[in-house]
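# Observations on the model geometry
Single-letter residue listing:
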Amino acid sequence: GKVVRYEVIGCDLFKKETNMSQFIGLHLETEKGDIGIIQSSFGTSGKFKVMFPAGTNERNGEKLYLRFRRYSNDPEKRIRQDIKLPPERVGARIEPEPKKENKQNKKKNVAAVTGRITNTKGDSQDDGQFNMAIVEGFFTPEVSIREKVGIKVRIVGTGQEGSVAGSFGKAGKCKVSFPDGISKDAIGNKVELLD
């Protein structure tokens, strides 16, 4: 089907220094007889916006005609036109379809929050393992770590899991409990916060 346009941008009818205010509201015709009305100037190079209430099938590059009369003995030198605008035709605005985001890509883009085990805390168990570690890098000092208690933590590489147990000091460090225990060798390991 043909594309019906209700608003077009015209050019080459006026010079860029032309005062467009006297032409706004005047009627234009296409070669096929579609009638539009000059709505406003467009940019600063003499272009202008034309609205076609009943639509037009004209394409880019087609001619527009501004037909009017001026009478030499008219003291107002008014521009006169006998053209009448056609009734409005209701058209459907074609909206571009929204792009569907790939959910899988979204998940990949979520960066994991990582930190580092700086020390173990408390006494070791009989097997030399520790149930508590100190982690830095998860939170900034202004974050309320109390609200983060219970969030899972995993040691990158070994896959051992623990959970945030509370804050440690004031520099954003936190205590992480590891029920199965970790060894002193875990100090310096990278850990990630699991949402």
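Check the entry above for the structure.
## Digging into the environment of Val-149
Secondary-structure assignment places Val-149 in the loop between β7 (130-136) and β8 (152-155). You can call Val-149 partly exposed: its relative accessible area is 43%. Taking the C-alpha atoms as reference, Val-149 lies 4.8 Å from Val-164; in sequence the two are 15 residues apart. Aside from chain neighbours lying at most four places away, what touches Val-149 is Val-164, Ala-165 and Gly-166.

## Here we look at the pairing of strand β4 (residues 47-56)
Both strand β1 (residues 5-10) and β4 contribute to a ladder of 5 bridges, which runs antiparallel. Residue Glu-7 lies in a different strand from β4, and its bridge partner there is Met-51. By the bridge criterion, 5 bridges tie strand β3 (residues 35-42) to β4 in an arrangement that is antiparallel. Across the sheet, the residue bridging to Ser-41 is Phe-48, located in β4. Connecting β3 to the antiparallel partner β4 that follows it, the hairpin turn spans 4 residues, and Gly-43 within it adopts a positive phi of roughly 75°.

## Structural notes on the sheet that holds strand β2 (residues 27-30)
Spatial ordering of the open sheet is given by β1-β4-β3-β2-β5, a layout of 5 strands whose pairing is antiparallel. Of all the strands in the sheet, just β1 and β5 (64-65) have a single pairing partner and so form its edges.

## Focus on the packing of aromatic side chains
A ring pair, where both rings are aromatic, is described by two values, the distance of the centres and the angle of the planes. For the structure on display, the rule yields 3 aromatic pairs. Considering the side-chain rings of Phe-14 and Phe-23, the 4.7 Å spacing of their centres and the 45° angle between planes classify their relative orientation as tilted. Phe-23 gets classed as buried once you look at its relative accessible area, which sits at 12%. Among the aromatic residues, those joined into a ring-pair cluster are Phe-14, Phe-23 and Phe-48. Positioned above the aromatic ring of Tyr-65 is the side chain of Arg-67, whose terminal nitrogen or guanidinium carbon lies 4.8 Å from the ring centre. Taking the ring centre of Phe-130 as reference, the NZ or CZ of Lys-184 above it sits at 5.2 Å.

Rules used throughout
One numbering rule holds for all chains: residues counted from 1, following each sequence as written. The predicted nature of this model means local features are confined to residues of pLDDT at least 70 and side-chain atom pairs, given and counted, to a pLDDT of 80 or more, with totals for whole chains, interfaces and linings taken over all residues. Side-chain metrics rest on all non-hydrogen atoms present in the structure, leaving aside hydrogens and water. Secondary structure counts use DSSP, requiring at least four H or I residues in a row for a helix and at least two E residues in a row for a strand, with both numbered from the N terminus. Partly exposed residues are those whose accessible area sits between 20% and 50% of the maximum for their type, while under 20% is buried and over 50% is exposed, using a 1.4 Å probe and protein chains only. By definition, residues are in contact when any of their heavy atoms lie within 4.5 Å. Strand pairing is assigned whenever DSSP detects at least two bridges linking the two strands. Planes of paired rings set the category: under 30 degrees apart is stacked, over 60 is edge-to-face and the rest tilted, where pairs are Phe, Tyr or Trp rings (Trp by its six-membered ring) whose centres lie within 6.5 Å. Throughout this description, the term charge over a ring refers to an Arg CZ or Lys NZ atom that lies within 6 Å of the ring centre and within 35 degrees of the ring normal.

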